[in-house]
Each structure stands twice: as C-alpha cells, then as structure tokens.
Amino acid sequence: NYYLNEQNPKFSTIEILKKRALYNNSKIIFTTSSPSIVDYYEYFQNKYTIISKLNKPQNNIKLVNMKEEYLSNLLSSKLSNEIERNLNEKKISVLLLNSLAYRQTVLCSECNKLIVCPDCKVGLSYHKYKNIYQCNSCNYQAVKPVCECGATSYNRFGYGLELLKEVLQEEFKSARIMQVDSDSFTSESDYQDFHVALEEGSVDIIIGTYPLASIYHKDITLVGLINIDSLLYKNDYRSSEEVFSVVSKLMMHREAKVIIQGYNLDHYSLIDAINNNYDDFFEKELKVRKDYNYPPFNEISRLLIIGEYKDMYYFANYFKKVFARMSSMNILGPVYINRIKGVQLIVKYNDFERLSKLIIEVKKKFSDRKLIVNFERYPISFN
Ligand SMILES: [Zn+2]
Ligand SMILES: [Zn+2]
C-alpha cells in the first residue's frame, strides 16, 4: 500500500523500497487485488513480471439503479430488505458511504449556486451534529457561510454517514450500529474494540467509508455500497482506478451478498470490475490517460509555495512562464490551499532532472524572499 510521510524528509514507501531493492540487488514482490494503471503499464515495459494471477472468487454483485427508487430514499428497498433479513438471522451488515457529512452538497436558496469555500472554491458540506459547514478540501469551517451573492440561506442535498446513521436508527430501531472511520476512530484501542465487537457479535450494522470494504469476517454476510456515483465523479484523474479497486475488494467477500447502489451504473470501471476483466479496463483507462496527458504518459508533480501572499504568486507565475519555454504542457494553478497557507502548482512533465534543475534556478532568483518551496514527486493527494 502507499504511504506518504509528510514530515521531513518526505518520502513514498514504495519508491524507497524500489531504490533499496536496486541498491541491494534484490527483488520486490507486490501483491494486489487490482494493480494501478501505472504499475500494469510498467509491466508491459518489462519493469515487472507477473508471478501468478490468482483466481478471484466470483461474487454475484447486485447493482441497484436508484432511478427506480423514490427520489428521497437513501436505501433501496432491496438493500433495506436484506438488512432486515440479516438482523433477524443475527448476522452483520456493512454499509459504505464515502462522506462523513450529513449533507454533501449545499446550494444557495436565493441564486441556486454552490456554496463554496472562500479559500479554495470547493463546495462545502453540512455536518449536522457540529452544526457547521465544512470545506472537503482544506477543512475550513463556518457556522453561517455567505454565498457569493450575499445570501445566507441554503438548500442541502446528497448524503453522508451522519444522515445514513439517522435513517438506519429510524428504520431499524433495535439495531446496534457502529461507525468506523478516521474521524471517530482515533486510537489503537478503538480498533481493538471494533474487532472485539465483531468477534462477540455485539454489533449489527457497521457503517463507514471505503477502507471498510476490505474488512472480511464470516459473520459479515451483507455489504452495501450506498452511492458509487460519488466516487465515479470525484475530481481526481485516478477515480476510475479507485472504483475498480473498491469493487475488486468487494468481490473478495466470499460469504457476503454485495449490493452496489447508484445512478450511473454503466461506467466501464464498474462493469469491468464486476466481470473481473482488468485487461479491458486497463485498455479503456489507458486511452483516457493518454488523451489527457496523465500518468503513465506524463509524470505528475506538485509544487507548494508558502510565504508572503504577493511573493508566492509572483514565484508561481514566474515559474509557469519559464516552464512554458521548456515544455508545451500546461501547468495547473496557482491554486491557494488554506491548509498549508500556500499556493499549489500541478506540473505534468516527464524529465525529472530538468524539472528539478529549473526549480533550483527559479529558487535562486527568489533567494532574497522568504519562501518555502516544496517539490513533491508522486503526490498522493491534491489538496
Ligand atoms: Zn446565492
Ligand atoms: Zn477550502
């Protein structure tokens, strides 16, 4: 799995492993339920060999099209019936939803525009228990965010785990519900409690975000993924890859019925994952990556520049200008990121050495200004 150390020195465990293997002249063995597009591409470039492809169990995943359900329903009647049956049989159900909020989307009730974060212009989501609106990108919070038109009244749509919990408590009054996610699980003992509850059968329904997809247990006999659309249309070039990977993990639930709910159920990443057809997925996804100059065709790096407001924008725009002399590729940004109080540039470029040299040159030119410039190769997140 990927791990990125955010403290200095920053490193990616996989890249360190590769370097060490090279240094010690040894081999690394990776296992995965679905390789990344980049890794599989490199296999065709003879950077990897495949030792063996294990046959995946064929789980009959059921797709439920929410267009055929009542608009306000969070749980389809099919999923709802299966949860009921599981409760009667004293088995455990797992429900996955990729948002911690109560409502995911907030629109202005005056002008109907998205209520956005003042810093990064990403939409805010509504958290009912804290009664706040929060930016999904930088964690900016507001009790009464102001729309760009000046209004402070809203309509809230979409759903998150807070709402799911409320719906479940309403519909299955006696069910013991447990929420597992990075927000509510902060210490090692939380995870121990969770595993004890699983062993002792003192929980009926477990809800959480997608990492929960790979919790396997003989008493978990139902897994429901509530809203595949939120992953399919996430603003990240790797979202199709992530859909394929999550669905592959669900396929590994030998003992469980798996139900996936959504509105757009004909996307190739979903269909290919269900049919266990990685090669077809790879072919389609590779074409998209090529059309948009994403990895493996171009390396993506990011530059974070932190300092005085006008200095960091000056640096970013100057860098864009000199980069344009070297390459015809577009740089995305500068975008202000509140979390780090700096600006970000996303660079698609293949020659790491030349790019590093250029950064060093530009840094020299700006050496009299107090700027922190962070260059990140293989970034995992873009916010
Ligand atoms: Zn408005
Ligand atoms: Zn923000």
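Residues numbered from 1 in each chain as written. Chains lettered and ligands numbered in written order. Predicted model: local features only at pLDDT ≥ 70, side-chain atom pairs only at ≥ 80, totals over all residues. Heavy atoms only, no water.

Caption draft 1: Looking closely at the coordination of the zinc ion (ligand 1). Taken together, C108 (SG), C111 (SG), C147 (SG) and C149 (SG) make up the full set of protein donors to the zinc ion (ligand 1), lying 2.3 Å away. Geometry at the zinc ion (ligand 1) is tetrahedral, judged from its four donor atoms and the angles of 103 to 115° they form at the metal. Site description for the zinc ion (ligand 1): donor spacing in sequence, C-x2-C-x35-C-x1-C. You can see C111 sitting in the loop between β5 (105–108) and β6 (124–127) and its partner C147 sitting in the loop between β8 (141–142) and β9 (154–157), a full 36 residues away along the chain. (Donors = N, O, S within 2.8 Å, 3.2 Å for Na, K, Ca; no water. Tetrahedral: all angles 85-135°; square planar, octahedral: opposite > 155°, others 65-115°. Helix = DSSP H or I, 4+ residues; strand = E, 2+ residues; numbered from the N terminus.)

Caption draft 2: Representation of the pairing of strand β12 (residues 220–225) within the structure. Counting buried positions over the six residues of β12 gives six, a clear majority of the element. Where strand β4 (residues 92–96) lies against β12, five bridges are found, and the strand directions are parallel. When the bridges of β12 are listed, V94 appears paired with V223. Examined bridge by bridge, β12 and strand β13 (residues 257–262) share four bridges and lie parallel to one another. Bridge assignment links V223 to a residue of β13, and that residue is V258. (Buried < 20%, exposed > 50% of the residue type's maximum accessible area, 1.4 Å probe, protein only. Pairing = 2+ DSSP bridges.)

Caption draft 3: Region of the structure containing the pattern of salt bridges. Enumeration according to the criterion identifies 19 salt bridges in this entry. The salt bridge involving D204 is made with R176; its shortest N-O contact spans 3.0 Å. You can see D204 sitting in the loop between α5 (188–200) and β11 (205–208) and its partner R176 sitting in the loop between α4 (161–171) and β10 (177–180), a full 28 residues away along the chain. Judged by its relative accessible area of 10%, D204 is buried. Among the residues examined, R176 registers a relative accessible area of 40% and is labelled partly exposed. One salt bridge in this structure joins R377 and E299, with 2.9 Å as the shortest N-O distance. With a gap of 78 residues between them, R377 in strand β17 (residues 371–377) and E299 in the loop between α9 (278–291) and β14 (300–307) connect regions that are remote in the sequence. Given the relative accessible area of 17%, E299 is considered buried. (Salt bridge = Lys/Arg side-chain N within 4 Å of Asp/Glu carboxyl O.)

Caption draft 4: Quick look at the environment of K365. Of note, K365 is situated in helix α11 (residues 352–365). Along the sequence, K365 and A151 sit 214 residues apart, while their C-alpha atoms lie 45 Å from each other. When residues no more than four places from it in sequence are discounted, the contact partners of K365 are Y314 and Y318. (Contact = heavy atoms within 4.5 Å.)

Caption draft 5: Representation of the sheet that holds β11. Reading across from one edge, β3-β13-β12-β4-β11-β10 is the order of the six strands in this open sheet, with parallel pairing throughout. Each edge of the open sheet carries a strand with a single partner, namely β3 (62–65) and β10. For this sheet, the mean angle separating the axes of adjacent strands, direction not counted, is 20°. Inspection of the sheet shows β3 paired to β13 by four bridges, in the parallel sense. Note on β13: the bridge partner recorded for N65 is G262. (Axes fitted to C-alpha atoms, helices over the stretch in contact; angles between N-to-C directions.)

Caption draft 6: Summary view of the packing of helix α7 (residues 239–251) against α9. Look at α7 against α9: their axes get within 10 Å of each other, and the N-to-C directions meet at 165°. Between α7 and α9, the interaxial angle falls into the category roughly antiparallel. Taken as a pair, α7 and α9 cross one another with a handedness that is left-handed. Along its contact with α7, which presents S240, E241 and F244, the element α9 presents Y278, F281, E285 and R289. Considered class by class, the residues forming the contact of α7 with α9 number three nonpolar, one polar and three charged. (Parallel < 35°, antiparallel > 145°, perpendicular 65-115°, else oblique. Left-handed = near helix turned anticlockwise from the far one by under 90°. Nonpolar A, V, L, I, M, F, W, Y, C, P; charged D, E, K, R; others polar.)

Caption draft 7: Summary view of α11. Helix length check: α11 (14 residues) gives 20 Å between terminal C-alpha atoms against 20 Å at 1.5 Å per residue, within 8%. If you check the start of α11, you find a side-chain oxygen 3.3 Å away from the backbone N of E353, and it comes from D351. (Expected span 1.5 Å × (residues − 1). Polar contact = N/O pair within 3.5 Å; in protein donor to acceptor, adjacent residues only side chain to side chain.)

Caption draft 8: Summary view of the domain arrangement of the protein chain. Its domain assignment divides the protein chain into domain 1 (4–55), domain 2 (62–99 + 161–279), domain 3 (101–159) and domain 4 (300–377). If you average the C-alpha positions of domain 1 and of domain 3, the two centres end up 40 Å apart. (Domains from an automatic or database assignment.)

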